[in-house]
Amino acid sequence: MSNSSQALSPVLPLTSFGNVLMFLFNILLAATIIFLNVSVSLAILLDGALRGENRFMYMLSTCLSDVCTGVSYYYAGVLDVRDSFDSPTRTYYIVPTFLGLSYMAILAAQADRYHAVVSPFKYSQRMTRNRTLLVILACWVYAFLIVAANNLVTIGVAKRITSFGSLVGNILTVIIMIGLNIQLFVIARFHLEREPPSEERDSKRSSVYLILVVAVFFLGTWLPIFCHVIVCNFFGTTCYTFRNEGTDPLRILPRVNAALTPILYIRGCSGLRATLLARVWSPRCGGVGGGKRVMARC
């Protein structure tokens with residue numbers, strides 16, 4: 001990150017009540033993102049039953065990238081930062097990468113749930129925990145290889161790489177995410193209903209509905225900036241219409257999603273919620289259910 005003196009000034013001059021409110025809002029948003037995502041991460045790490053299921057590994061990846069988003073927002077959102085390639089306060093493409101990692105994890109989690117429900121036997125053979133972790137690791141490595149590529153080439157080349165990648169990547173991944181959402185909804189609404197009532201069926205249905213809701217909120221908060229970036233890259237115009245990151249609603253919305261996602265995880269998964277309440281937020285209780293393991297059900 002740049003050492004420019006511009007980075008030392010607040011997101012807006014603190015000369016009016018509205019500016020102070022915006023400044024405090026961004027501080028509160030960053031703190032909320034960090035608190036909620038750290039809490040969910042700890043709950044998953046502390047519970048062996050949660051760690052043993054692949055979908056919680058994707059949740060963990062999402063939470064870890066969102067923790068980085070929250071920490072970086074104290075710079076990118078609280079201070080007067082314009083995170084473009086030629087800006088003296090740029091973050092060298094690192095801050096947007098944390099948001100992109102969350103995006104990739106949710107997309108991978110959708111594909112994981114689809115595979116698990118449609119072909120449970122093949123899924124259990126193919127997607128072991130180690131392979132799931134390799135998929136997540138590959139996402140992180142790929143993301144930071146793109147960061148390295150953008151920082152090793154000239155600004156002009158980096159702009160062309162990002163423009164083409166954003167245009168093609170955003171369109172394809174949004175189509176894939178929407179398509180998977182429709183497929184998962186059909187599975188949860190019709191296919192699983194045909195199975196005889198059982199705890200396994202309820203668990204499958206709950207996990208599918210959870211990732212559906214997470215993906216819907218994700219699309220709702222990300223589509224505005226996706227559309228904006230696609231249009232800007234298509235016509236070759238600048239994508240910055242606001243003074244900085246912290247006052248641009250299109251860039252604030254994805255950060256709001258970083259706070260909403262762990263709330264949805266907590267609300268939609270009883271096993272995660274039980275561990276969180278008993279072992280993270282109330283550690284004096286001595287563990288979940290007095291030390292008994294709670295089934296990871298959601």
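Residues numbered from 1 in each chain as written. Predicted model: local features only at pLDDT ≥ 70, side-chain atom pairs only at ≥ 80, totals over all residues. Heavy atoms only, no water.

Colleague: Where do I start with the overall build of the protein in this structure?
Modeller: If you tally the helices and strands in the protein, you get ten helices and zero strands. Shown N-terminal to C-terminal, the secondary structure of the protein runs as helices and strands in the order α-α-α-α-α-α-α-α-α-α. Burial status across the protein gives 47% buried among its 298 residues. Long-range contacts, defined here as pairs at least 24 residues apart, represent 76% of the contacts in the protein between residues at least 6 apart. For the protein, the computed accessible surface area is about 14600 Å², with 69% contributed by carbon and sulfur atoms. (Helix = DSSP H or I, 4+ residues; strand = E, 2+ residues; numbered from the N terminus. Buried < 20%, exposed > 50% of the residue type's maximum accessible area, 1.4 Å probe, protein only. Contact = heavy atoms within 4.5 Å. Areas by Shrake-Rupley, 256 points an atom, 1.4 Å probe, with all protein chains shown as cover.)

Colleague: What is the right way to read the pattern of salt bridges from this model?
Modeller: Side chains that differ in sign of charge can pair as their charged atoms come close. What the rule picks out here adds up to six salt bridges. Put simply, R113 and D112 hold a salt bridge, and the shortest N to O gap is 3.1 Å. Taking relative accessible area as the criterion, D112 reaches 4% and is therefore assigned buried. Members of the salt-bridge network, linked through shared partners, are E245, D248, R251 and R255. (Salt bridge = Lys/Arg side-chain N within 4 Å of Asp/Glu carboxyl O.)

Colleague: I would appreciate a short explanation of the packing of aromatic side chains in the present structure.
Modeller: The relation between two aromatic rings is expressed through the spacing of the ring centres and the mutual angle of the planes. All told, the structure shown has eight aromatic pairs when counted by the stated rule. When the centroid spacing of 6.1 Å and the interplanar angle of 65° are considered together, the rings of F98 and F144 count as edge-to-face. Note that F98 is positioned in helix α4 (residues 94-118) and F144 in helix α6 (residues 129-152), a separation of 46 residues in sequence. You can call F144 partly exposed: its relative accessible area is 31%. Cluster of aromatic residues (ring-pair linked, three or more members): Y103, F218, W222 and F226. (Phe/Tyr/Trp six-rings, centres within 6.5 Å; stacked < 30°, edge-to-face > 60°.)

Colleague: Hey, could you run me through the environment of I171 in this one?
Modeller: Of note, I171 is situated in helix α7 (residues 155-194). The sequence separation of I171 and F226 amounts to 55 residues, and the corresponding C-alpha distance is 8.2 Å.

Colleague: What is the right way to read the packing of helix α3 (residues 54-76) against α6 from this model?
Modeller: How two helices sit against one another is set out by the angle between their axes and by the gap between those axes. Here α3 crosses α6 at 25°, and the two axes come no closer than 9 Å. Judged by the angle between their axes, α3 and α6 are roughly parallel. Crossing of α3 against α6: the hand is right-handed. The residues of α6 that touch α3, namely those facing N54, M57, Y58, S61, L64 and S65, are R129, T132, L133, V135, I136 and W140. A class-by-class count of the residues in the contact of α3 with α6 yields seven nonpolar, four polar and one charged. (Axes fitted to C-alpha atoms, helices over the stretch in contact; angles between N-to-C directions. Parallel < 35°, antiparallel > 145°, perpendicular 65-115°, else oblique. Left-handed = near helix turned anticlockwise from the far one by under 90°. Nonpolar A, V, L, I, M, F, W, Y, C, P; charged D, E, K, R; others polar.)

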